[in-house]
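Spelled out from the first residue to the last, the chains are:
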Amino acid sequence: MSLLTQQLKNALPTVDFHEEEALAPHTTVRIGGPAEVFCRAKTTLELEALVKFAKSNEIPLTILGWGSNTLIADRGIRGLVVRNEAKELEILETNESEKIDPHKVEARWQHAESKAVMPQFDSIVYDESGSESVRVRIAAGMPLANLIQILLREGITGLQWFSRIPATVGGGIVNNIHGGTHFFSDYIESVEVIDESGSLRELAAKDLDFGYDVSRFHNSKEIILSAIFRLYRGDVKKAQAIIAEWSRQKQLQPAKSLGCVFQNISAEDQERLSLPTPSVGYIVDNILNLKGQRSGDAQISEQHAAFIINTGKATADNYLALLKKVYIETKTKLDIKLTPEIFFLGFTQAELSFLDA
Ligand SMILES: Cc1cc2nc3c(=O)[nH]c(=O)nc-3n(C[C@H](O)[C@H](O)[C@H](O)COP(=O)(O)OP(=O)(O)OC[C@H]3O[C@@H](n4cnc5c(N)ncnc54)[C@H](O)[C@@H]3O)c2cc1C
């Protein structure tokens, strides 16, 4: 047993630590080397204890949610990797109905490039902000799929727009996920974090720098423990119909992927190049002609060129080679610097230096 594992076991005897745990199964794309030490946090208290111990002992710490947006290097991740599985949920007092101002950020699906693959949203969207509101505190490790069903059983709606997004609440907050024109930030009142010094803090939504695919957590070293959501005692049947429709529209999404690799291009670049859509998938397919390109078992999806998929035993190097090709060709041919939507864990600065070039 390594010194690190021994140190962790002594401090946190109830947690099950594993050395050299393969991380690929903990990601949706099934890519990535091992964690030096891996464990699951089953409760928020356990997560808090792990984070505080790692911070006070300067142990490198990585939190994984559902692993749906994270490319892990083939060499794996040094230090402690914690898969957050804390799932507590508490319904707080119900308030007077209150209008929540949505963030004005362009949605991923707004400019569908292929009606067969990209969900169509305009025909199903509705406004339930007139319904009675209800506040719910939800642990960051709660998977969205479970959460939406639990809430509906309690007669609580609002998050139906995010069904079929493979994510935990924590990962969803980090990236401010969007379903159609709805953003997670539309529903978040505050977030409880452990800050860099190891202290607990409750941060108001206005301080979270939410934007399209971004929040302050992209740059801060804070760990999200839970969040208070402001949801609705809305129409459960209508919400269920949205979930059914969303499932139908999204069933063609490529499996074993990390979702869209890059953010949409800016409106200025779209206008400059007279493109019909800001989707990088359109560029990859129609301008770079890279749809279907392979590197080992990684492939630019034939179904949806904004996704890179693992068709078998793809490595992180395979995935990165395709990502780099798209990035460099877009820069050379269109003078656009793409912004990756995914997170990179375990890579060296040199391996990712092409992104700054
Ligand atoms: C098939 C598919 C479809 C998708 N569709 C959509 C979509 O419709 N809309 C959309 O917005 N996104 C979509 N995504 C992208 C993805 O689901 C989101 O970005 C999601 O937010 C990732 O959540 P996660 O729990 O998997 O995070 P992870 O990938 O596990 O982690 C992402 C980052 O967040 C950090 N992190 C995780 N938990 C915490 C925490 N508690 N505290 C601090 N940091 C934390 C991790 O360290 C990592 O840096 C899709 C992805 C796939 C594979």
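Everything below is about the structure printed above this text.
Residues numbered from 1 in each chain as written. Predicted model: local features only at pLDDT ≥ 70, side-chain atom pairs only at ≥ 80, totals over all residues. Heavy atoms only, no water.

**Student:** Looking at this structure, I do not really get the sheet that holds strand S2 (residues 34-41). What am I missing?
**Tutor:** Strand-to-strand pairing in sheets goes through backbone hydrogen bonds, with the strands running parallel or antiparallel. Spatial ordering of the open sheet is given by S1-S2-S5-S3, a layout of four strands whose pairing is mixed. The outermost strands of the open sheet, each flanked by one partner alone, are strand S1 (18-22) and strand S3 (61-64). Neighbour-to-neighbour, the strand axes of the sheet open up by a mean angle of 45 degrees, direction not taken into account. The pairing of S1 with S2 spans four bridges and is classified as antiparallel. Among the inter-strand pairings, His 18 is bridged to a residue of S2, identified as Phe 38. Set on the sheet, helix H1 (residues 3-11) makes contact with S1, S2 and strand S5 (77-84); between it and S2 the angle comes to about 15 degrees. Against the sheet, helix H2 (residues 44-56) contacts S2, S3 and S5, and its axis sits at roughly 140 degrees relative to S2. (Pairing = 2+ DSSP bridges. Helix = DSSP H or I, 4+ residues; strand = E, 2+ residues; numbered from the N terminus. Axes fitted to C-alpha atoms, helices over the stretch in contact; angles between N-to-C directions. Contact = heavy atoms within 4.5 Å.)

**Student:** Please clarify how the pairing of S3 should be interpreted in this entry.
**Tutor:** Sheet faces and side chains relate simply in a regular strand, where the side chains alternate between the two faces. Burial along S3 is one-sided: Thr 62 and Leu 64 are buried, and none of Leu 61 and Ile 63, which face the opposite way, are. As paired strands, S3 and S5 are joined by four bridges and run parallel to one another. Across the sheet, Leu 64 pairs through a bridge with Arg 83, a residue of S5. (Buried < 20%, exposed > 50% of the residue type's maximum accessible area, 1.4 Å probe, protein only.)

**Student:** In this structure, what is going on with unusual backbone geometry? I would like to understand it.
**Tutor:** In terms of backbone geometry, most residues other than glycine have negative phi values and most peptide bonds are trans. The phi dihedral of Arg 164 falls on the positive side, at around 70 degrees, and the residue is not glycine. Along the chain, Arg 164 turns up in the loop between helix H3 (144-153) and helix H4 (169-175). Located in the positive-phi region is Ser 274, a residue other than glycine, with phi close to 50 degrees. Note that Ser 274 resides in the loop between helix H6 (267-272) and helix H7 (280-287).

**Student:** Looking at this structure, I do not really get the pattern of salt bridges. What am I missing?
**Tutor:** Between side chains of opposite charge, a pair can form as their charged atoms come close. What the rule picks out here adds up to 19 salt bridges. For Arg 201, the salt bridge is made with Glu 222, and the minimal N-O distance between the two is 4.0 Å. In this pair, Arg 201 sits in strand S11 (residues 200-204) while Glu 222 sits in the loop between S11 and strand S12 (223-233), placing the two residues 21 residues apart along the sequence. Residue Arg 201 is classed as partly exposed on the basis of its relative accessible area, which comes to 37%. Notably, a salt bridge pairs Glu 329 with Lys 325, separated by 3.5 Å at the nearest N-O pair. Placement of the pair is Glu 329 and Lys 325 together in helix H8 (residues 316-334), with a separation of four residues, close to one helical turn. (Salt bridge = Lys/Arg side-chain N within 4 Å of Asp/Glu carboxyl O.)

**Student:** Can you walk me through the packing of H3 against helix H5 (residues 236-250) in this structure?
**Tutor:** The axes of two packed helices give the description: the angle between them and the distance between them. Two elements in contact, H3 and H5, have axes whose closest approach is 10 Å; the angle formed by their N-to-C orientations is 160 degrees. The angle between H3 and H5 falls in the class roughly antiparallel. Pair H3 / H5 crosses with left-handed handedness. Here H3 contributes Ile 148, Gln 149 and Leu 152 to the contact with H5, which in turn contributes Val 236, Ala 239, Gln 240 and Ile 243. Considered class by class, the residues forming the contact of H3 with H5 number five nonpolar, two polar and no charged. (Parallel < 35°, antiparallel > 145°, perpendicular 65-115°, else oblique. Left-handed = near helix turned anticlockwise from the far one by under 90°. Nonpolar A, V, L, I, M, F, W, Y, C, P; charged D, E, K, R; others polar.)

**Student:** For this particular structure, what's the right way to read the site of the ligand?
**Tutor:** Surrounding the ligand, one finds 33 residues, the nearest of these being Ile 63, Gly 65, Ser 68, Thr 70 and Thr 168. In this structure, an oxygen atom belonging to the ligand sits 2.8 Å away from a side-chain N or O atom of Ser 68. Coverage of the ligand by the protein amounts to 94% of the 980 Å² it exposes when considered alone. Among the elements of the structure, S3, H4, S12 and strand S13 (257-260) are those that each provide at least two residues to the shell around the ligand. A per-element tally of the shell around the ligand places H4 first, with five residues. Class assignment for the residues of the shell around the ligand results in 14 nonpolar, 16 polar and three charged. (Near = heavy atom within 4 Å. Polar contact = N/O pair within 3.5 Å; in protein donor to acceptor, adjacent residues only side chain to side chain. Areas by Shrake-Rupley, 256 points an atom, 1.4 Å probe, with all protein chains shown as cover.)

Note that all results are geometric; they support no functional claim without further evidence.
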